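What follows is the residue order along each chain.
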Amino acid sequence: MTGLFAAAPSAVSFDTPANIAFAVIAVVMVIAAVRVVTTRNVVHAALWLMIVLGGNGLLYLLLQAEFVAMTQFLVYLGAIVVLFLFGIMLTRAPLGRSDDLDNDQRWMGVAVSLILLVVIGYSLIKTYSDDKLTFGAVRNAGTNAQTQDLATSIFVDYLVPFEVVSVLLLAALIGAIVLARRD
Amino acid sequence: MSLAAQLVAQVGAPVSFRGPTIDYHALAPEIVLSAAVVVLVLLDSIKLERAKAYMPVVTNLALLGALIPLLTLAYDGGTRALFGGSYVVGPMPLMLKAMFIVTTYVVVLLSTNYMAEGDYWESEYYTLLVSSLLGMVVMASSRDLIGIFVALELLSIPAYMLASWRKGDVRSNEAGLKYFLMGVFASAVLLYGMSLVYGLGGSTRLEDIGRVLADAPTDGVPVVTLALVFVVIGFAFKVSAVPFHVWAPDTYEGAPTPVTTFLAVASKAAGFVALISLVFYAFLPRADIIEPLFFVLAIGSMTVGNLAALRQTNVVRMLAYSGIAHAGFMLAPFVVAGSNPFRSMQSIVVYLVIYAAMNLGAFACVIAMARQTRSAELKDLAGVVRSMPGLAWCMVLFLASLIGMPPLGGWYAKFGVFKVVVGAETGLGYATAIIMAINTAIAAYYYLNVAKTMIFDDPPEGAPVRAPRTPPSLAAAIAISLVATFAFGILPGLLTNVTSYGPLALGG
């Protein structure tokens, strides 16, 4: 956690299982992410999104951030995607295949995505290609240290943002009810 | 060992959580505002029709209540760094907080009659207004990526909903939706940039990030450029800088006018406050990236904003485009941020405060006049000086201040920016100054055109000779803005004295 420019930690041996797992998850996530925007069925898009978000959670597990991983599963898979599905079903959106999901700006979108991919890919590879990512040995095995660190950050260092988020949720709730209700 | 003892041993021993020491005095304004949000929600659940009329009064009392700890903190002096320096309460944050609170106070005065006479959800309106204000107040103190992001969301999300508060009107719905979609897109860009910044700096605290960036090699790390550009672009949307301004005119025109005032003054200022924190506390070591980027944003905003404002026939839309142009002026000192950080920061803050005062006044006059004309089209305002002489002349004063005529506040704001930009003696600085001078002339034309239409043109057929009385809350709003505009113009020392105690001056 010392940043890019600090001295690199002493290299740990190449962790083959973790790297293979990462590669598999990453490929699945990329395929699913492409399907989210190319599928012509809204419900399928939501389900593909579930795979992307789930893969993200698995990556957190690989990094031994169990608490973050579980939060990711509960909040994103359990709540947000389900909310999407409810939203699709409760509104009068078509459940099956619909051809008007596409529009004329699709090639523009493809071009912008490709440019962004090249720019971001180039910068990341150029900057980090010499760094070795180690999935590291478990810190303080069995003590749940990372979750404790997280709790300390939230309730000590980030206390103000944490409290502010609760006002944010209250405001969002009130505003959404006013805008959505029938007068 | 009994089971209970085992449990106690397991749960109690290794987990020794020590809560942070909290400086409640420094956080008092935020606490008062949070309490105000809760009180407003509870007041609404009391089903008394009478309670409704007191909503604006309760809101304004709460805002005044939040000003009290600001005064005591200012009296105490000094800079308080909370939570390891991620939340700073010093003279400059205090002044910005005061500006946000007073601005919201005036917006509530503007809303009182507007909300009561239209078919709106009143108490929810004030709740959202105060929660958005809370986000701005937190923004003024945040010196941490997470704090800045959370504050940005808290100030934006209620604003998205307030923009579409006129539920029955398609244009208001469009305003809210456009603002929301653009806003979340900008948030996504910003968040990606912030994640890269965190990866580079290894900390969310701006101070630490600045230190890492200063030590970093300048070649061979394109990620630094990428991260900084993404973060700045994220806020360029918020402050409606060209080319990220397309949402602003439609949103400003469609939203209820008091909300437009709030967006154009407070919300924009909050975006600038975030930019100031990020640039001057973290990104300054890489001025070579920041300066050209801001050069493009600044000259683009002032030129495009002014040229578009020339062609507007609606005063609110014209003020929206002129707001884009003013954003360009406020971005200009960032172009020379590396040469003289302290002076550039000071000139931006001074511009922000003065712009808030005069723009609030201009919007207040438009709202007051539109009560009679029922529209903000320029042709309907022709000759209003006959029916509403007081309002028309006040409007002329605010327009003169927006042009930058002494002794009104606007001249000092513009003068400060010019002085900093030229004083840096860099090529980009001189180029910015020349473009600023041309734009000041263009701006004068369309502001004077509005003044001319109001004073010299003949009123349209069937316009009433005598206007209804301006409600006291609107009159108070105009009076507050007018006093502030004059005071800052005649005694600019009021602002510069406070800003010169900024954390930069203290070596923070």
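As the structure is a prediction and not an experimental result, all values here were calculated from the model.

Undergrad: I'm lost on the environment of Ala 214 of chain B in this one. Help?
TA: Residues and elements named next belong to chain B. Following the sequence through the fold, Ala 214 ends up in helix H8 (residues 206–215). Given the relative accessible area of 47%, Ala 214 is considered partly exposed. In sequence terms Ala 214 and Ala 269 are 55 residues apart; their C-alpha atoms lie 28 Å from each other.

Undergrad: I would appreciate a short explanation of helix H5 (residues 122–141) of chain B in the present structure.
TA: Every α-helix winds through 3.6 residues per turn, so residues three or four apart in the chain are directed the same way. For H5 of chain B, spanning 20 residues, the distance from its first C-alpha to its last is 30 Å, which sits close to the expected 28 Å at 1.5 Å a residue. Most of H5 of chain B sits inside the fold, with 20 of its 20 residues counted as buried.

Undergrad: Can you walk me through the domain arrangement of chain A in this structure?
TA: By a widely used convention, the size of an interface equals the accessible area lost when the partners come together. According to the domain assignment, chain A contains domain 1 (7–96 + 105–130) and domain 2 (146–183). Measuring from the centre of the C-alpha atoms in domain 1 of chain A to the corresponding centre in domain 2 of chain A gives 24 Å.

Undergrad: Can you help me understand the interface of chain A and chain B in this one?
TA: Taken together, the 37 residues of chain A in the interface contact 48 residues of chain B. Taken together, both faces of the contact between chain A and chain B bury some 3,400 Å²; the carbon and sulfur share is 79%. Summed over the shared surface of chain A and chain B, the number is zero salt bridges. At the surface where chain A touches chain B, the tally comes to four residue pairs in polar contact (both at pLDDT 80 or more). Of all the secondary-structure elements, those providing two or more residues to the side of chain A that touches chain B are helix H4 (106–128), helix H5 (145–157) and helix H6 (159–180) of chain A. With 15 residues, the single largest contributor to the side of chain A that touches chain B is H6 of chain A. In terms of residue class, the side of chain A that touches chain B is made up of 26 nonpolar, seven polar and four charged.

Undergrad: What is the right way to read the packing of aromatic side chains from this model?
TA: All names here are of chain B. Inspection of the entire model under this criterion finds 17 aromatic pairs over all chains. On the basis of an interplanar angle of 25° and a centroid distance of 4.7 Å, the ring pair of Tyr 179 and Trp 247 is categorised as stacked. With Tyr 179 in helix H7 (residues 170–201) and Trp 247 in helix H10 (residues 247–254), this residue pair connects regions lying 68 residues apart in the sequence. Neither residue differs from the other here; Tyr 179 and Trp 247 are each classed as buried. Summarising the aromatic geometry, the rings of Tyr 446 and Tyr 447 are spaced 4.7 Å apart at their centres and angled 55° between planes, so their arrangement reads as tilted. We note that Tyr 446, like Tyr 447, is buried. An aromatic cluster of at least three residues, connected via ring pairs, comprises Tyr 160, Tyr 179, Phe 180, Trp 247 and Tyr 252. For Lys 414, the ring lying beneath its charged end belongs to Phe 329, and the centroid distance is 5.0 Å.

Undergrad: Can you help me understand the pattern of salt bridges in this one?
TA: Close approach of charged atoms lets side chains of opposite charge pair. By the definition in use, this model includes 15 salt bridges over all chains. Among the ionic contacts, a cluster of salt bridges with common partners joins Arg 171, Glu 174, Lys 178, Asp 250, Glu 253 and Arg 317 of chain B.

Undergrad: So what exactly am I meant to see when it comes to H7 of chain B here?
TA: Residue and element names in this part refer to chain B. The terminal C-alpha atoms of H7, which comprises 32 residues, lie 45 Å apart, in line with the 46 Å expected from a rise of 1.5 Å per residue. Where H7 starts, the residue carrying a side-chain oxygen 2.9 Å from the main-chain nitrogen of Arg 171 turns out to be Asp 169. Just downstream of H7 lies Gly 202, where phi reads positive at about 70°.

Reading guide: rules and limits
Residues numbered from 1 in each chain as written. Chains lettered and ligands numbered in written order. Predicted model: local features only at pLDDT ≥ 70, side-chain atom pairs only at ≥ 80, totals over all residues. Heavy atoms only, no water. Helix = DSSP H or I, 4+ residues; strand = E, 2+ residues; numbered from the N terminus. Buried < 20%, exposed > 50% of the residue type's maximum accessible area, 1.4 Å probe, protein only. Expected span 1.5 Å × (residues − 1). Domains from an automatic or database assignment. Contact = heavy atoms within 4.5 Å. Buried area = accessible area lost by both parts, 1.4 Å probe. Salt bridge = Lys/Arg side-chain N within 4 Å of Asp/Glu carboxyl O. Polar contact = N/O pair within 3.5 Å; in protein donor to acceptor, adjacent residues only side chain to side chain. Nonpolar A, V, L, I, M, F, W, Y, C, P; charged D, E, K, R; others polar. Phe/Tyr/Trp six-rings, centres within 6.5 Å; stacked < 30°, edge-to-face > 60°. Lys NZ or Arg CZ within 6 Å of the ring centre and 35° of its normal.

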